[in-house]
Amino acid sequence: EEQEEPPSDAESVENARDAVNALDSRAKAESDSEPESDASGLKPLFADVMNDDTELPIGRRPEDLGSDVSSDDSEDEFTRNRIGNVPLWWYDNKDHIGYDLEGKKVMKTIQKSEIDKLLQAADDPDSWRIIQDFKNDREVRLTDTDLELIRRIRMGHYPNPSFEPYPDLPIVEHPDRIHPVNGATSSKKRFVPSKTEGRMLQRLMMMLRLGKIKPPKPPPPEVFDLWSDDKQDSKKKGPAPLPAPKMPNPGHAESYNPPEEYLFDEKEKAEWLEQDDSQRKQDFMPQKHSCLRHVPNYDNLLVERFKRCLDLYLVPRALKMRYNVDPESILPQLPSPAELRPFPTDISVEYVGHTGRVRSLSVNRTGEWLATTSEDGTLRIWEVATGRSFREYKFEGSTVCGVAWNPVEDIIAVGVEEELFILDPGLTVDREEEEQGGETADRPPTLREILGAKLPEVNTDEEDEAQKAKDTKKPKFTFQWKRPHGNLLNQGFRFRIKHTAGIKQIAWHHKGNYLSVVCPKASPTRQCVIHALRKQLSLTPFKRMKSAIQCAKFHPSKPLLFVATMRLVRIFDLQEQKLVKTLKSGATWIGSLDVHPSGDHIIVGSYDRRLLWFDLELGNTPFKIFRYHTRAVREVAYQKKGYPLFASASDDGAVHIWHGKIFDDLVTNPTVVPLKKLSGGHKLVENLGVLCCEWHPTQPWVFTGGADGRINLWS
């Protein structure tokens, strides 16, 4: 006979369910007479059903069998509530628990209090058999068959005791085996309860009773969209990390045998060697080799790999979201440059005569004379209106690096390498012209008269040698005011002061009595020196500076000194001898500085192509940062009287003219508008363009001097 296949686990569970349904009605009918027990003490609950060869259809009771055993109709388990797989806590605040098949409400009727349950347990000894089905709103009484089924499931047995999971499993014996599968003896801890775990459990129970261990808080109610089809994660993840940018593929120029048009000729080689590394289009010079084994080692390999690693490690990469915004709506509404006239636009006068780079220039207080210095060793005084070279002073073998005109008198301070000269060019101004120009006729004695009255006698050569011998004996350096003699004295030079390093910048006080000199390469105590002309004294206000001083300017009305180092601008009070404020520029190297006539704003030019505007009342960081120049900014200057203009000169050969209006209400921010880019007036010489610029004291004109030796007046 053919053997039947053993039923699966699902089929066994269904058979057990059919048996429970069949015996449910049978147990009620035979509740008066209890069945006899067998020798093992178990009641033969499944005797009448499991010994029968008839298979019960799913969901049918034994009394329903007989005439319609082969029918395909089956009754499902009783289900009154038709709400489906919906949480029941949704109906906590309702009077019903759901809806039946006809759409009527299933009312809550089996809700009982704890007192009612206690009374029912006292009256009915079988109340523990009652189970409440809240979903269908009914009470179910468990029969002995149900209890036996539950007991077998809890013990890990099959619900049907007659079910054999492996009925046809052959028993294989190995008579020739001589070794056991495992000969190790079982340890005692496998069947003896652990005393350590018992003590831990007692300790935890004691702490629970004392309240030291609190149960975890219940989780918050789960809220989800009823109408959504897809299950979305509650936690939103950030955007995916962006991949690192790939290096561009090599082109024909990187080949070891490039085409002829990619090779440099002699002119292109010379231009490539003269250019800076930041200006070159490619970091290498194409070379041609006959075969691959003739290619030498690449010198910049490690440098390029190191830069690539820095790019991958330091450069931040972020996903930028594109916004559909009109750029014109974001930009501030600035006035048109045509409404802000006058400002310089064209070259009106050219001053030709210097053969070297023009290092500095300065205009006298009336705007009639212009003083310029150059690397050709000359100091020239020009007539502004005509461009005529009025006077020339030569310093053979020396570089004249700085010049500044006194704001009160016609006295010039000239820096020639390490020496400072005080010059009286002899340019007198009639008092009638001064009165017509608006100046008062009653003025104090001129500085020229004071310097002329206090001039020391001319020393002879023997006295100079004796003085030098005395100076060599002194270990401490002192600034000595010496009177020139010979040709320099006849030309109008009144004093010469020796410094310890080359002079870079000269600036006068607004009263004309004090003069600041900056020597960046000197010792920290002598990098900035202040000279008093009336007393003929020299002061060093700083004992130490962490960085080299680049430039210094006086406040136009207060006893303050602005000192710019490589990255910071410090403001010192000379009267109280203390530091007032420190401005952080964020630039790599500050090159120039100028103070607004009001004293509340300054502009700073840096060698990293930035122009910074500081508002001293807003904070210690730049109020505005402008990046209009393509190379280093060499000089910045304000227009001192009458016009809200300032200029910036750069190595790109251009001068930018700006409109910067300051308001007195202390609420409105300054208005800064770029007006004009003055280009074409100077040529680039050794990657140097415009080195200095200066405004006319009374007109909206600007003077510029470049590395090509030319000086232009823009009006």
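Residues numbered from 1 in each chain as written. Predicted model: local features only at pLDDT ≥ 70, side-chain atom pairs only at ≥ 80, totals over all residues. Heavy atoms only, no water.

### Examining the side chain of Glu 148
Link 1 in the chain: Structurally, Glu 148 is set in helix H4 (residues 144–154).
Link 2 in the chain: The class of Glu 148 is buried, set by a relative accessible area of 16%. (Helix = DSSP H or I, 4+ residues; strand = E, 2+ residues; numbered from the N terminus. Buried < 20%, exposed > 50% of the residue type's maximum accessible area, 1.4 Å probe, protein only.)

### Considering the pairing of strand S29 (residues 654–661)
Link 1 in the chain: In terms of burial, S29 is a largely internal element, seven of the eight residues being buried.
Link 2 in the chain: By the bridge criterion, five bridges tie strand S28 (residues 645–650) to S29 in an arrangement that is antiparallel. Counterpart to Leu 645 in the pairing with S29 is His 659.
Link 3 in the chain: Taking the residues that link successive antiparallel strands as the turn, the S28-S29 hairpin has three residues, and the phi of Gly 653 there is positive, at about 85°. (Pairing = 2+ DSSP bridges.)

### As for the packing of aromatic side chains
Link 1 in the chain: Enumeration according to the criterion identifies 19 aromatic pairs in this entry.
Link 2 in the chain: An aromatic cluster is present here, built from Trp 613, Phe 626, Tyr 628, Tyr 638, Phe 646 and Trp 658 joined pairwise through their rings.
Link 3 in the chain: The side chain of Arg 280 reaches across the aromatic face of Trp 272, ending 4.0 Å from its centre.
Link 4 in the chain: A cation over an aromatic ring shows up here: Lys 624 above the ring of Phe 623, its NZ or CZ 5.4 Å from the ring centre. (Phe/Tyr/Trp six-rings, centres within 6.5 Å; stacked < 30°, edge-to-face > 60°. Lys NZ or Arg CZ within 6 Å of the ring centre and 35° of its normal.)

### A short note on the nonpolar core
Link 1 in the chain: Ala 413, Leu 420, Ile 422, Ile 503, Ile 506, Leu 515 and Leu 533 are the most contacted members of the largest nonpolar core, which has 21 residues in total.
Link 2 in the chain: Sorting the residues of this core by element identifies strand S10 (400–405), strand S12 (419–423), strand S14 (493–498), strand S15 (505–508) and strand S16 (514–518) as the ones contributing at least two each.
Link 3 in the chain: Beyond its immediate stretch of four places on either side in the chain, Ile 503 contacts Cys 401, Gly 415, Glu 417, Glu 418, Glu 419, Leu 420, Val 517, Val 518 and Cys 519.
Link 4 in the chain: Core analysis: the second largest hydrophobic core is formed by 17 residues, Trp 405, Ile 412, Phe 421 and Leu 488 among them. (Core = buried A, V, L, I, M, F, W, Y, C linked by side-chain atoms within 4.5 Å. Contact = heavy atoms within 4.5 Å.)

### Observations regarding the sheet that holds S12
Working definition: the strands of a sheet are paired by backbone hydrogen bonds and lie parallel or antiparallel to each other.
Link 1 in the chain: Here five strands make up an open sheet; going across it, the order is S10-S11-S12-S14-S13 and the pairing antiparallel. Only two strands of the sheet have a single partner each, and these edge strands are S10 and strand S13 (481–482).
Link 2 in the chain: Here five bridges tie S10 to strand S11 (residues 412–416), and the two strands are oriented antiparallel to one another. For Trp 405, the partnering residue across the bridge sits in S11 and is Ile 412.

### Observations regarding unusual backbone geometry
Link 1 in the chain: The omega angle of the peptide bond from Arg 341 to Pro 342 is 10°, so this bond is cis rather than trans.
Link 2 in the chain: Mapped onto the fold, Pro 342 is located in the loop between helix H8 (327–330) and strand S5 (347–351).
Link 3 in the chain: Positive phi is not limited to glycine here, since Glu 686 has a value of about 55°.
Link 4 in the chain: Its location among the elements puts Glu 686 in the loop between strand S30 (671–679) and strand S31 (690–695).

### Some thoughts on the pattern of salt bridges
Link 1 in the chain: Within this structure, the stated rule accounts for 21 salt bridges.
Link 2 in the chain: Between Asp 651 and Arg 634 there is a salt bridge, with the nearest N and O atoms lying 2.9 Å from each other. In this pair, Asp 651 sits in the loop between S28 and S29 while Arg 634 sits in strand S27 (residues 633–638), placing the two residues 17 residues apart along the sequence.
Link 3 in the chain: Look at Asp 651 and you get buried, because its relative accessible area is 4%.
Link 4 in the chain: Note on Arg 634: relative accessible area 26%, which makes it partly exposed.
Link 5 in the chain: Ionic contacts of the salt-bridge type, sharing partners, join the residues Arg 357, Arg 359, Glu 375 and Glu 686 into one network. (Salt bridge = Lys/Arg side-chain N within 4 Å of Asp/Glu carboxyl O.)

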